[in-house]
There are 2 protein chains.
Amino acid sequence: MADHTVTAYDEELQTLARYISEMGGMSESMIGEALQSLLQADTVRAKKVIADDKDLDKLQRQVEEDAILTIAKRQPMASDLREIIAALRVSNDLERCGDLAKNIAKRAIAIESLVLPSKLVHGIEHMAELAQSQLTKVLNAFVSGDVEQAELVWKNDNEIDAIYTSLFRELLTYMMEDPRNISYCTHLLFCAKNIERIGDHATNIAETVIYKVTGVQLEDERPKGDNSAIQVPYNPAT
Amino acid sequence: MADHTVTAYDEELQTLARYISEMGGMSESMIGEALQSLLQADTVRAKKVIADDKDLDKLQRQVEEDAILTIAKRQPMASDLREIIAALRVSNDLERCGDLAKNIAKRAIAIESLVLPSKLVHGIEHMAELAQSQLTKVLNAFVSGDVEQAELVWKNDNEIDAIYTSLFRELLTYMMEDPRNISYCTHLLFCAKNIERIGDHATNIAETVIYKVTGVQLEDERPKGDNSAIQVPYNPAT
């Protein structure tokens, strides 16, 4: 028979891992639902996302509490300690993904009933699909401890940033074409920014996976970022 | 003579507290400098803020490492444990304030050399002063364990949100008046949003102060938030 203490400890680690999986599933679903509520002008769906965010916040507090209790009780060393720290960090990132989904849902309610230009819809959908796929991949890498996969996610964030930058320009163009577009395009700008930030959280999680498995803390700047802050001229010629 | 172990432990707690103070000072200064770089079109200042953010990130990792090492070594109970958890949480919020300041600085570089309408400047200045004052007050409350002060900060976040909402409308108006305003106003929109989020982090810290001192975890929704997502019509009459 296994040692009783070790078994209880293993169970604690498994519970933490289960919470992270649950948080991952919830935030993935919230992001998908927020996007659908935005693109299909579905207020009911949007309200559900806003409500769900509270449960995600609670789970994050639970992870924090359990993780710290485990550290205090078990005094884990090296790889076990890294596993617990990783859970803490990932729960933070997922909680923030939930906040971003909630903000998209709020904006979906604000621009409700408006038929969005299909070019913008495609841009946002494409960006969101990439961000969701990055998040799914990195959460799988977290579970399996797959460093290569995590590194791939880390490197691929550039793609999301590139789409964001082009979407940003596109939205500005729509705004300049017709003042009636300004208000809803502003909401879409923030939505796009939120998706870009979800991508950043996926790269954060990728760094955490690498740290958890190898103990190495990435020091480099992320291959980010939102280039709209430096690339877009303040006063375009058109 | 005091017990050696206890003294070493006390020193660890003091070191953590010192790190938090240092992080607080840094993020306050970064926010101030980012604002000045934006309002005075000072690119050199903006670049300094962007560079400083790396130091703040490092400090946050240091707090995390030290806090967790202390929990593992000392197995603190009750109020000591809360103090360490509080340090962890506050360092997270301050690191994010630094990120927001960095983003403002990046946008300052993007809209460089543009003379901003004084009405917008006043609005942003006013909002930033409030957010900075909230942050300073709550960091003082953190050091002194002043729950009343923390509650005051928590309640006053409404003010920042109100200014944000009115500034948001104002910016939309500028954009609608003249398409040449759209690009820089978009950057200012994001800057204003960043300041609003700094205010949110101040309320997070307020919640942490209350938790640290009383052990009570606030369950209510924050008195937030960014109402622009729900209040601004997508297609205003004007």
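All values derive from a computational prediction rather than experimental measurement.

Rules used in this analysis
- Residues numbered from 1 in each chain as written.
- Chains lettered and ligands numbered in written order.
- Predicted model: local features only at pLDDT ≥ 70, side-chain atom pairs only at ≥ 80, totals over all residues.
- Heavy atoms only, no water.
- Helix = DSSP H or I, 4+ residues; strand = E, 2+ residues; numbered from the N terminus.
- Buried < 20%, exposed > 50% of the residue type's maximum accessible area, 1.4 Å probe, protein only.
- Contact = heavy atoms within 4.5 Å.
- Areas by Shrake-Rupley, 256 points an atom, 1.4 Å probe, with all protein chains shown as cover.
- Salt bridge = Lys/Arg side-chain N within 4 Å of Asp/Glu carboxyl O.
- Axes fitted to C-alpha atoms, helices over the stretch in contact; angles between N-to-C directions.
- Parallel < 35°, antiparallel > 145°, perpendicular 65-115°, else oblique.
- Nonpolar A, V, L, I, M, F, W, Y, C, P; charged D, E, K, R; others polar.
- Left-handed = near helix turned anticlockwise from the far one by under 90°.
- Polar contact = N/O pair within 3.5 Å; in protein donor to acceptor, adjacent residues only side chain to side chain.
- Phe/Tyr/Trp six-rings, centres within 6.5 Å; stacked < 30°, edge-to-face > 60°.
- Lys NZ or Arg CZ within 6 Å of the ring centre and 35° of its normal.
- Expected span 1.5 Å × (residues − 1).
- Bend = angle between axes of the 7 residues up to and from the residue.

(A) Quick look at the overall build of chain A. Within chain A, the regular secondary structure consists of seven helices and zero strands. Across chain A, helices and strands are ordered from the amino to the carboxyl terminus as α-α-α-α-α-α-α. Looking at chain A as a whole, 56% of its 238 residues are labelled buried. Excluding contacts between residues fewer than 6 apart, the proportion of contacts in chain A whose partners are at least 24 apart in sequence is 85%. Carbon and sulfur atoms provide 51% of the accessible area of chain A, an area that totals close to 10000 Å².

(B) Representation of the pattern of salt bridges within the structure. Going through the model one piece at a time under the given rule, you end up with 21 salt bridges over all chains. Two residues, B:Arg74 and B:Glu12, come together in a salt bridge whose shortest N-O distance is 2.6 Å. Taken together, the positions of B:Arg74 in helix H2 (residues 43–74) and B:Glu12 in helix H1 (residues 4–39) put the pair 62 residues apart, joining distant regions of the chain. A relative accessible area of 22% places B:Arg74 in the partly exposed class. For the salt bridge of B:Asp53 with B:Lys102, the shortest nitrogen-to-oxygen distance reads 3.4 Å. With a gap of 49 residues between them, B:Asp53 in helix H2 and B:Lys102 in helix H3 (residues 78–110) connect regions that are remote in the sequence. Given a relative accessible area of 14%, B:Lys102 falls into the buried group. Through salt bridges with shared partners, a single ionic network connects A:Glu12, A:Lys73 and A:Arg74.

(C) Local environment of the side chain of A:Thr43. All names here are of chain A. With respect to the helices and strands, Thr43 occurs in helix H2 (residues 43–74). The exposure class assigned to Thr43 is buried, which follows from its relative accessible area of 18%. Residues in contact with Thr43, not counting those within four places in the same chain, are Ile109 and Glu112.

(D) View of the packing of helix H5 (residues 147–177) of chain A against helix H6 (residues 182–214) of chain A. All names here are of chain A. In contact at an axis separation of 9 Å, H5 and H6 are set at 170° when each is read in the N-to-C sense. Between H5 and H6, the interaxial angle falls into the category roughly antiparallel. Residue composition of the contact of H5 with H6, grouped by class: 22 nonpolar, four polar and seven charged.

(E) Molecular detail of the packing of H3(B) against helix H4 (residues 118–144) of chain B. All names here are of chain B. Close contact between H3 and H4 brings their axes to 13 Å; oriented N to C, the two are set at 165°. Regarding the angle of H3 to H4, the classification is roughly antiparallel. When the axes of H3 and H4 are compared, the crossing they make is left-handed. Contact residues: Ala86, Ala87, Val90, Leu94 and Cys97 in H3; Leu135, Leu139 and Phe142 in H4. Each residue belonging to the contact of H3 with H4 can be placed in one class, and the counts come to eight nonpolar, no polar and no charged.

(F) Expanded view of the environment of B:Asp146. Residues and elements named next belong to chain B. On the secondary structure map, Asp146 appears in the loop between H4 and helix H5 (147–177). Given the relative accessible area of 32%, Asp146 is considered partly exposed. Considering only alpha carbons, one finds Asp146 and Val213, 67 residues apart in sequence, at a separation of 8.2 Å. The contacts of Asp146, once residues within four sequence positions are left out, are Ala141 and Val209. In this structure the side chain of Asp146 is engaged in a polar contact, spanning 3.2 Å, whose partner is the backbone nitrogen of Glu148.

(G) Layout of the side chain of B:Arg89. Within the secondary structure, B:Arg89 sits in helix H3. When its relative accessible area of 8% is taken as the criterion, B:Arg89 is described as buried. If sequence neighbours within four positions are ignored, B:Arg89 has contacts with A:Arg61, A:Glu64, B:Thr208, B:Tyr211 and B:Gln217.

(H) View of the environment of B:Val138. Residues and elements named next belong to chain B. With respect to the helices and strands, the residue Val138 is situated in helix H4. For Val138, a relative accessible area of 0% translates into the label buried. Distance in space between the C-alpha atoms of Val138 and Ala67 is 21 Å, their sequence separation being 71 residues. When near neighbours in sequence (up to four residues on either side) are disregarded, Val138 contacts Val153, Ala202, Ile205, Ala206 and Val209.

(I) Spotlight on unusual backbone geometry. In this structure, A:Gln75 takes a positive phi of about 45° despite not being glycine. Looking at the element boundaries, A:Gln75 is found in the loop between H2 and helix H3 (78–110). Phi is positive for B:Ala41, which is not a glycine, with a value near 50°. Residue placement: B:Ala41 occurs in the loop between H1 and H2. According to the relative accessible area criterion, B:Ala41 is partly exposed, its value standing at 28%.

(J) Looking closely at the packing of aromatic side chains. Per the counting criterion, the structure on display carries five aromatic pairs over all chains. Centroid distance A:Tyr164 to A:Phe168: 5.9 Å. Interplanar angle 65°. Geometry classified as edge-to-face. Placement of the pair is A:Tyr164 and A:Phe168 together in helix H5, with a separation of four residues, close to one helical turn. A:Phe168 gets classed as buried once you look at its relative accessible area, which sits at 1%. In textbook terms, an aromatic cluster arises when at least three aromatic residues are bridged by ring pairs, as seen for A:Tyr164, A:Phe168, A:Phe190, B:Tyr164, B:Phe168 and B:Phe190. The ring centre of A:Phe142 lies 4.1 Å from the NZ or CZ of A:Lys212, which sits over that ring. Taking the ring centre of B:Tyr211 as reference, the NZ or CZ of B:Arg89 above it sits at 4.5 Å.

(K) Representation of H5(A) within the structure. All names here are of chain A. For H5, spanning 31 residues, the distance from its first C-alpha to its last is 46 Å, which sits close to the expected 45 Å at 1.5 Å a residue. Along its length, H5 reaches its greatest deviation from straightness, about 30°, at Lys155. Of the residues that open H5, the one with a side-chain oxygen 3.2 Å from the backbone nitrogen of Glu148 is Asp146.

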